[in-house]
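So you can see what is in the structure, the chains are spelled out below.
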Amino acid sequence: TSNGASALPTWQTPASGAGNWIKISSATASASATIDFTGLSSTYGSYVVTITHLAPATDATVLWMRTSTDNGAAYDAGASDYCWYVSSSEIDTSPTALIAGDDADSQIELTAPATDTMGNSTNEDGAFTVTIYDPTAAFFTRITCIGEYKTSVPTECICNSGGSRLSAADVTAIRFLMSSGNIATGEF
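I will try to describe carefully the structure that is included in this document.

Each value, and the rule that gives it
- Residues numbered from 1 in each chain as written.
- Predicted model: local features only at pLDDT ≥ 70, side-chain atom pairs only at ≥ 80, totals over all residues.
- Heavy atoms only, no water.
- Helix = DSSP H or I, 4+ residues; strand = E, 2+ residues; numbered from the N terminus.
- Buried < 20%, exposed > 50% of the residue type's maximum accessible area, 1.4 Å probe, protein only.
- Contact = heavy atoms within 4.5 Å.
- Lys, Arg positive; Asp, Glu negative; His and termini not counted.
- Charge placed at Lys NZ, Arg CZ, Asp CG, Glu CD.
- Phe/Tyr/Trp six-rings, centres within 6.5 Å; stacked < 30°, edge-to-face > 60°.
- Lys NZ or Arg CZ within 6 Å of the ring centre and 35° of its normal.
- Pairing = 2+ DSSP bridges.
- Polar contact = N/O pair within 3.5 Å; in protein donor to acceptor, adjacent residues only side chain to side chain.
- Axes fitted to C-alpha atoms, helices over the stretch in contact; angles between N-to-C directions.

### Side note on the overall build of the chain
- In terms of regular secondary structure, the chain is built from zero helices and twelve strands.
- Moving toward the C terminus, one meets the helices and strands of the chain in the order β-β-β-β-β-β-β-β-β-β-β-β.
- With respect to the principal axes defined by its C-alpha atoms, the chain has extents near 60 × 40 × 30 Å.
- A buried classification covers 40% of the 188 residues belonging to the chain.
- Long-range contacts, defined as pairs at least 24 residues apart, comprise 72% of the intrachain contacts of the chain with a sequence gap of at least 6.
- Computed over 6 positive and 19 negative side-chain charges, the separation of the two mean positions in the chain equals 6 Å.

Here it is as structure tokens:
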């Protein structure tokens, strides 16, 4: 709180629970076609999904995300519903970098396409933090993702990705899925 010109501010103690993370929901993938979270509302300014031990059932696939404006009754998958970018680096004896993106696509790609796709052999899994910013506002819903996973090559890969729903829509649900096949395992 401001105490006027030339005076130091007074720091207020937040109300009980304010500023803390609040667990809303969780899901465990086990040969799951999709993992969905519904009920996004204006109660929270941002939502964060942490994903651990994510492994695709199909080798050389990409983790995707889609949004819904009707609480999960349908998920937007039109040819120009989303834009996305991925910047990834393989971590091995000769590191390589990949930058990819699309300004009109049917999903947001959270992991790298092409040579940095996710692997499905033993210990080829990943961990990610996905943030969904102000999904119910009358703006494009923006998403960022930071992750690390084992590629289908196999090498370790670090990725930074993001994108948005190309409509000022009230996003009330999100869906995670693989570009092909099921999500074999994962804690969301």
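After presenting the structure, the write-up continues.
### A word on the packing of aromatic side chains
- Inspection of every chain in the model, using the stated rule, returns three aromatic pairs.
- When the ring of Y44 is compared with that of Y47, the centres are 5.7 Å apart and the planes differ by 85°; the resulting orientation is edge-to-face.
- With a relative accessible area of 28%, Y44 lands in the partly exposed category.
- When the ring of F128 is compared with that of Y149, the centres are 6.0 Å apart and the planes differ by 35°; the resulting orientation is tilted. Here the residue F128 occupies a position in strand β8 (residues 126-133), and Y149 occupies one in strand β9 (residues 142-150), the gap between them amounting to 21 residues. Across the pair, exposure class does not vary: F128 and Y149 are buried alike.
- One residue, R165, lies across the ring of Y82, its end atom 5.6 Å from the ring centre.

### Focus on the sheet that holds strand β7 (residues 108-109)
- Read across the open sheet, the four strands follow the order β2-β11-β4-β7; overall the sheet is antiparallel. Both edges of this open sheet fall to β2 (35-38) and β7, since each of them pairs with a single strand only.

### Thoughts on the side chain of Q107
- Positionally, Q107 belongs in the loop between β6 (96-105) and β7.
- Here Q107 falls in the buried class, since its relative accessible area comes to 3%.
- A distance of 3.1 Å separates a polar atom in the side chain of Q107 from a polar atom in the side chain of D105.
- When near neighbours in sequence (up to four residues on either side) are disregarded, Q107 contacts W64, M65, R66, Y82 and W84.

### Describing the pairing of strand β12 (residues 183-187)
- Relative to β12, strand β1 (residues 28-32) is paired through four bridges, and the arrangement is antiparallel. Looking across to β12, one finds that S32 is bridged to I183.
- Relative to β12, strand β3 (residues 46-56) runs antiparallel, the two being bridged by three bridges. Bridged to P56 within β12 is I183.

### Points about the sheet that holds β12
- The strand order across the open sheet formed by eight strands is β1-β12-β3-β8-β9-β10-β5-β6, and the pairing between neighbours is antiparallel. The two strands at the open ends of the sheet, each matched to only one other strand, are β1 and β6. Shown here is a sheet whose adjacent strand axes are inclined to one another by a mean of 15°, direction ignored.
- Bridge count between β8 and β9: eight bridges; the pairing is antiparallel.

### What to know about the pairing of β8
- Judged from the seven bridges that link them, β3 and β8 form a sheet pairing that is antiparallel. Within β8, the residue paired with T50 across the bridge is T129.

### Quick notes on the side chain of S88
- Looking at the element boundaries, S88 is found in strand β5 (residues 82-91).
- The exposure class of S88 is buried, given its relative accessible area of 1%.
- Only 2.6 Å separates the side chain of S88 from the side chain of D116, close enough to count as a polar contact.
- Among residues more than four places away in sequence, those in contact with S88 are T96, A97, L98, A112, D116, C157, I158 and C159.

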